[in-house]
Amino acid sequence: MTPTSLFELLGAAGQDAPREKMALGQILLAEEALAEEDLEQALAHQRRTGERLGQILIAHNWADEGAVARALAAQRRLGFADLAVDPPDPEAADPALVDIYLRQRIVPWRKVGKLVCYATAEPDLAPDALAALNLPHAMAFVVVASQRQIDQALLDLLPEATAARAATLTPEAFSVRGMERARYMLVGSFGVLAVLVAVLPQLGVLLAAGALFLLNALTTITRTAACIASIRTPAQAPAQNEGAVLLAAHRPLPRLSVLIPLFDEASMLPKLVAALSATDYPRERMDVKILLEEADTATREAASALDLPPWLTVLILPDGQPRTKPRAMNLALDFCDGEVVGVLDAEDTPHPGQFRAVAEHLTTAPRDVACVQCQLSWFNARETWITRCFQIEYSIWFDVLLRGFQRLGLPIPLGGTSVYFRRTALIEAGGWDAHNVTEDADLGMRLARHGYRTDVLTSTTEEEANTRMLPWIRQRSRWLKGYVMTWLCHMRAPVRLYRELGPVGFLGLNVLFLGGAVTYLAMPLFWVAIWLSVTTGTSIFGGMLPDLAQLVLTISFVLGQAVMLGCAAMALNRRGALDLLLWIPLLPLYWTLGAVAAWKAVIEVGLAPFYWDKTRHGVSRLGQTL
């Protein structure tokens, strides 16, 4: 029933009788919601860390979050609202104010005439929140509710507004949405080239071979430079200075928010919670959020059945388009309490000390280091030949190339997991592009365009590699489609891009995204050329290219493969995985699968640019025994 007077409204909120102001812990003791020995531990913890008492009590499960909120309401002589029992009235909310509600973490709960009651978990901040809403003090008041309930209530109360906001959080100038013209130009260019080859075959082949040689040569040179630079780069980014280290030693670790989007992954939850529980980060500084889609009934039921730790929150996200991982993270970003925001995947097992290593690094690093990328590996690396090659490929990327890119000052395309951001820089860069199927790599470029750097740490997260060919092709196709779309997006304004990244960064972006995609697309040409040369002694170009041009193009292909095979040997030596050296000769065949994925990706750029070909987890035989 909707209250009709202030008296009834306060009664519905569970307003306690006025009492002398007491300490929060004493109120909880009086309510028998807290044991005295637990209060003593919490107070000792508070003296040591400076953290708020309520947060300590909740994080260590010494007091229930609802009991703490009720005690806080009693202490401040405010009403208390249990939003699970008495949810907000939809009539109280104004969708036009959704940005303010989210920024202030305050939810409109009841409305009587022009009088509005808001629920907050931070009553001391309520005056600022009401001021932001531009409401006269006499026309609004607050009750206290738990932060967990307030966050979910905001998503439930304004699903369309919050979903639309998340889908468009990245400014359009930096987003792949609305890129029909660029996509059609790319697809059309393939058609023009085909027509040119048909009508003027020698000219068409010459232009195609020239472009292919240029991209392949630049890619090979960049990878060679990265390999050489990685030799001179320490495994761990140094970035700290003595003064910062001394200062950090006397400061508490920053609050860390970790976002973990799940969809149709109910079976992964127990292992995921166990992996998070094994980390050594202070529980009162952890803010882990499991993000579940409204339509994902199975995973929601699995989460409800688990006894989750109090530092872990499940957020049920409103349905909307596109239904992607970056949209889910954008929806949750407003509810992050941390100065640092990280991302993990459903199947991840981060090193127990990873959170601490990241926080300590960002605390002491220069302010332009906005992001930390940890290394990734596969727990089932030796399950099949595909997983073995996948492990070699990841070793090349994380142990050699990324280290070299960092040394060379190239923008770093981020991985989709075990990546951590300064929250302010993440928001400044526009969050994640909800429409980009490789939102991670794109975000790395946007951070660089805003003048930020990424450091690579050796702390490793183990994931599950695809064990079968078709799922691998689908996953790689999504990655390559995202690379092509990201290249198209950033190259819409090449002059501005050049100014923001400089010549080295501009070249690096083009080599990483366009060069990487074209290298895969050209693999069939490489094999056909070899087959014709060996079996018939003829050229794939049928005399349409001068012999010298054919020789130069062939040498560039061979050198490109040789550089990557050399990087593989270097990477395995660094990682201490010498048993995988015997599998290096199979990499060219493995990369040929990437050609299938690349051509699938190009087709999807034209037909289904935002389609997210989701990778299934929990299929590894090794994973089932962990």
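This structure is a prediction, so every number in the text was calculated from the model and none was measured.

## Concerning the pattern of salt bridges
Part 1: Scanning the entire structure with this criterion turns up 29 salt bridges.
Part 2: Arg76 is the partner of Asp124 in a salt bridge, and the nearest nitrogen-oxygen pair spans 2.8 Å. Of this pair, Asp124 sits in the loop between strand 3 (115–120) and helix 7 (126–132) while Arg76 is found in helix 5 (residues 65–76), placing the two residues 48 residues apart along the sequence.
Part 3: Under the relative-accessibility criterion, Asp124 is labelled exposed at 53%.
Part 4: Given a relative accessible area of 26%, Arg76 falls into the partly exposed group.
Part 5: As a salt-bridge pair, Glu604 and Lys600 come within 2.8 Å of each other at their nearest N and O atoms. On the criterion of helical spacing, the pair formed by Glu604 and Lys600 is a turn pair, its members being four residues apart in helix 24 (residues 587–607).

## Remarks on the sheet that holds strand 3
Part 1: With mixed pairing, the four strands of this open sheet are ordered in space as 1-4-3-2. Every other strand in the sheet has two partners, leaving strand 1 (79–80) and strand 2 (106–112) as the edge strands with one partner each.
Part 2: Here strand 2 runs beside strand 3; their pairing, made up of six bridges, is antiparallel. Within strand 3, the position partnered with Val107 by the bridge is Ala119.
Part 3: Against the sheet, helix 8 (residues 147–157) makes contact with strand 2 and strand 3, and its axis sits at roughly 65° relative to strand 2, the strand it touches most.

## Digging into the sheet that holds strand 7 (residues 312–317)
Part 1: If you walk across this open sheet you meet the eight strands as 7-6-5-8-11-10-12-9, and the pairing is mixed. If you trace the sheet from one side to the other, it starts and ends with strand 7 and strand 9 (349–350), each paired once.
Part 2: Note that strand 9 and strand 12 (residues 453–463) share two bridges and pair antiparallel. Among the inter-strand pairings, Thr349 is bridged to a residue of strand 12, identified as Glu462.
Part 3: Across the sheet, helix 14 (residues 297–305) is in contact with strand 5 (256–262), strand 6 (286–293) and strand 7; its angle to strand 6 comes to roughly 145°.

## Details of the environment of Gly404
Part 1: One can find Gly404 in helix 17 (residues 385–408).
Part 2: Considered as a pair, Gly404 and Ile231 are 173 residues apart in the sequence and their alpha carbons are 7.9 Å apart.
Part 3: With near-sequence residues (within four places) excluded, Gly404 lies in contact with Ala226, Ala229 and Ser230.

## A few points about the pairing of strand 7
Part 1: Counting buried positions over the six residues of strand 7 gives five, a clear majority of the element.
Part 2: As paired strands, strand 6 and strand 7 are joined by six bridges and run parallel to one another. Looking across to strand 7, one finds that Val288 is bridged to Leu312.
Part 3: For the handedness criterion, the β-α-β arrangement of strand 6, helix 14 and strand 7 is classed as right-handed.

## Section: the pairing of strand 5
Part 1: Here strand 5 lies mainly inside the structure; seven of its seven residues are buried.
Part 2: Side chains Leu256, Val258, Ile260 and Leu262 project from strand 5 onto one buried face, and the interleaved Ser257, Leu259 and Pro261 project onto a second face that is buried too.
Part 3: Relative to strand 6, strand 5 is paired through seven bridges, and the arrangement is parallel. The partner of Leu256 across the bridge, within strand 6, is Met286.
Part 4: Handedness of the crossover joining strand 5 and strand 6 through helix 13 (residues 269–277) is recorded here as right-handed.
Part 5: Across four bridges, the pairing between strand 5 and strand 8 (residues 340–343) is parallel. Bridging from a neighbouring strand, Leu256 pairs with Val340 of strand 8.

## Examining the nonpolar core
Part 1: Counting 130 residues, the largest nonpolar core has Leu83, Tyr118, Phe421, Trp432 and Leu447 as the members making the most contacts within it.
Part 2: In this view, Tyr118 contacts Tyr101, Ile106, Val107, Pro108, Trp109, Leu130, Leu133, Leu135, Ala140, Phe141, Val142 and Val143; residues no more than four positions away in its chain are not counted.
Part 3: Val258, Val273, Ile316 and Tyr420 belong to the second largest nonpolar core, which has 32 residues in total.

## Section: the state of the cysteines
Part 1: Taken as a whole, this structure holds one disulfide when the rule is applied.
Part 2: Between Cys227 and Cys567 runs a disulfide, and the two sulfur atoms are separated by 2.2 Å. Disulfide Cys227-Cys567: the torsion about the S-S bond is 75°, which places it as right-handed. With Cys227 in helix 11 (residues 201–231) and Cys567 in helix 23 (residues 547–575), this pair connects stretches of sequence that are 340 residues apart.
Part 3: Residue classification places Cys227 among the buried residues on the basis of a relative accessible area of 8%.
Part 4: Taking the relative accessible area as the measure of exposure, Cys567 reaches 1% and is therefore buried.

Rules used in this analysis
- Residues numbered from 1 in each chain as written.
- Predicted model: local features only at pLDDT ≥ 70, side-chain atom pairs only at ≥ 80, totals over all residues.
- Heavy atoms only, no water.
- Salt bridge = Lys/Arg side-chain N within 4 Å of Asp/Glu carboxyl O.
- Helix = DSSP H or I, 4+ residues; strand = E, 2+ residues; numbered from the N terminus.
- Buried < 20%, exposed > 50% of the residue type's maximum accessible area, 1.4 Å probe, protein only.
- Pairing = 2+ DSSP bridges.
- Contact = heavy atoms within 4.5 Å.
- Axes fitted to C-alpha atoms, helices over the stretch in contact; angles between N-to-C directions.
- Right-handed = clockwise from strand over helix to strand, strands pointing away.
- Core = buried A, V, L, I, M, F, W, Y, C linked by side-chain atoms within 4.5 Å.
- Disulfide = S-S within 2.5 Å.

What is shown is where atoms sit, not what they do.
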